[in-house]
Amino acid sequence: MFALVDGNCFYVSCERVFDPALEGRAVVVLSNNDGCVVARSDEAKALGIPMGAVWHLQPASVHAATEAFSSNYALYGDMSRRMMETLRGFCEKLEVYSIDEAFLGFDSTGDWAALGTLVRGTVRRHTGIPVCAGFGPTRVLAKLANRLAKKTPGTGGVFVWPEGSEESAALLASLPVESVWGIGRRLTARLAGRGVKTAGDLRGMDNETARRLMGVTGLRLVWELRGVPCAGLEELAPAKKAICCAKGFGQPLSTLEELGEPLAAYTCRVAEKLREQGSAAGFLQVFLETNPHAAGESQYNPSASRNLTAPTNHSGDLCAAAGELLRRIHRPGHRFIKVGVLVSEFSPERESQGAFDSPPPETAARRRALMAVMDRLNREMGRGTVRPASAGGNAPRWRMRQARLSPRRTTCWAQLPVARS
């Protein structure tokens, strides 16, 4: 048996945990630079606020009736970690699928409805986050069961996929094909041309047609709809094949010196992620973006890349290479709103082939130790506590706008909530 447990309006729920006055009120969370709506409470949906809406273009009446927050990634990430730790105590296997979703795997039998109710209550008690749970014999059916748990009144937030073939077929026939995990808009239109409009229609598609239209992945999806599991759980997330860090600035930047600071900061973050998964990168790319919505401003969106002499995850090496690429593509007279860095072509950290001018083993060991100390200090004292001077000071002018940011109540000593009695 599989279960999918996910947080309800997760970002909004994280804000409500520490401000109960937000319960029952319209709440939205905004993207970087407080631009667009990326999370909505049910009350905000009832006001007609669409996902992705540009916040400053919403009517004054909507602004007056809604509480808006800047994305507080430190808070959301820590609340997600707490939620996943709680879920791990209920199952033999756990796969963290996203910041607010996890698949649970069970090798035994049990009263799944009762377990789902227990999971919901425990997660709410430990973290304050409301969740829904869907159980099914495959991951695809568990995903559909979770949808029914969330959208069907009277389920209590828990839905167990029925074992009977007739009841299962009736449920699939009632669900639109686009509700199936992995079926997007383009594939929905293609399937509609074949008369496949419901999940039941997709389940009944013959194997040859399914493979021709959707490939091997689509054929597995059809089999999972039939109750045949085609994939287990990945308890450890697979290593990324590419890592990118790119964020918009709080205000446009023009000069090479101004752009160098955020690029160095983002490159250090990429290097940190490389070390976390034990990889070294052999390829580096840097890109710039101007504002396409700025009337009358010239547009210039360049990029440059290079193969590194030897694969590395050392922050200094990557910052130096990124700075070289930035100097190659920068042109004065443009106002840039974003810089980004991407690395790929990974190899295991300890198995990377060195270049002829690589440092001796003793020096390489000291460089690795330096990075390990820097990572430990940044974990314990806060990201960016130790960084290259090229990454700038503590209050850079390029930092993204977060005018509506709530406190980091679980990760910053100075911002811990205070209880009074």
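Here the structure is a predicted model, which means the values were calculated and not measured.

**Q** Residue-level account of helix α5 (residues 112-127), with values.
**A** Given a rise of 1.5 Å per residue, 16 residues ought to cover 22 Å, and the 22 Å separating the end C-alpha atoms of α5 matches this to within 8%. Tucked into the core, α5 has its buried residues touching β1 (2-7), α1 (10-17), α4 (73-88), β7 (131-136) and β8 (158-160). Looking at the residues trailing α5, positive phi occurs at G128, about 85 degrees.

**Q** Residues and numbers for α4, please.
**A** Relative to the 22 Å expected for 16 residues at 1.5 Å per residue, α4 spans 22 Å between its end C-alpha atoms, a close match to the ideal helical length. By the burial criterion, the buried members of α4 are L75, Y76, D78, M79, S80, M83, M84, T86 and L87.

**Q** Go over the side chain of R139 with me, naming the residues and quoting the values.
**A** Here R139 shows up in helix α6 (residues 139-151). Discounting residues that sit within four places of it in the chain, R139 has contacts with F2, E95, F103, W181, E224, A231, G232 and L233.

**Q** Go over the environment of V286, please, and point to the residues and values.
**A** If you trace the backbone, V286 turns up in strand β10 (residues 279-290). Between the C-alpha atom of V286 and that of A246, which follows or precedes it by 40 residues, the distance is 9.5 Å. Among all residues touching V286, those that are not within four sequence positions of it are L263, P302, S303, A304, A322, L325, I329, V339, G340 and V341.

**Q** Help me get a handle on the packing of aromatic side chains, residues and values and all.
**A** For the structure on display, the rule yields nine aromatic pairs. Ring centres 5.8 Å apart and planes at 75 degrees place the aromatic pair Y97 and F103 in the edge-to-face group. Pairwise contacts between aromatic rings join F10, Y11 and Y76 into one cluster. One residue, R139, lies across the ring of F103, its end atom 4.8 Å from the ring centre. Between R226 and the ring centre of W223, over which it is positioned, the NZ or CZ distance is 5.0 Å.

Criteria and thresholds
Residues numbered from 1 in each chain as written. Predicted model: local features only at pLDDT ≥ 70, side-chain atom pairs only at ≥ 80, totals over all residues. Heavy atoms only, no water. Helix = DSSP H or I, 4+ residues; strand = E, 2+ residues; numbered from the N terminus. Expected span 1.5 Å × (residues − 1). Contact = heavy atoms within 4.5 Å. Buried < 20%, exposed > 50% of the residue type's maximum accessible area, 1.4 Å probe, protein only. Phe/Tyr/Trp six-rings, centres within 6.5 Å; stacked < 30°, edge-to-face > 60°. Lys NZ or Arg CZ within 6 Å of the ring centre and 35° of its normal.

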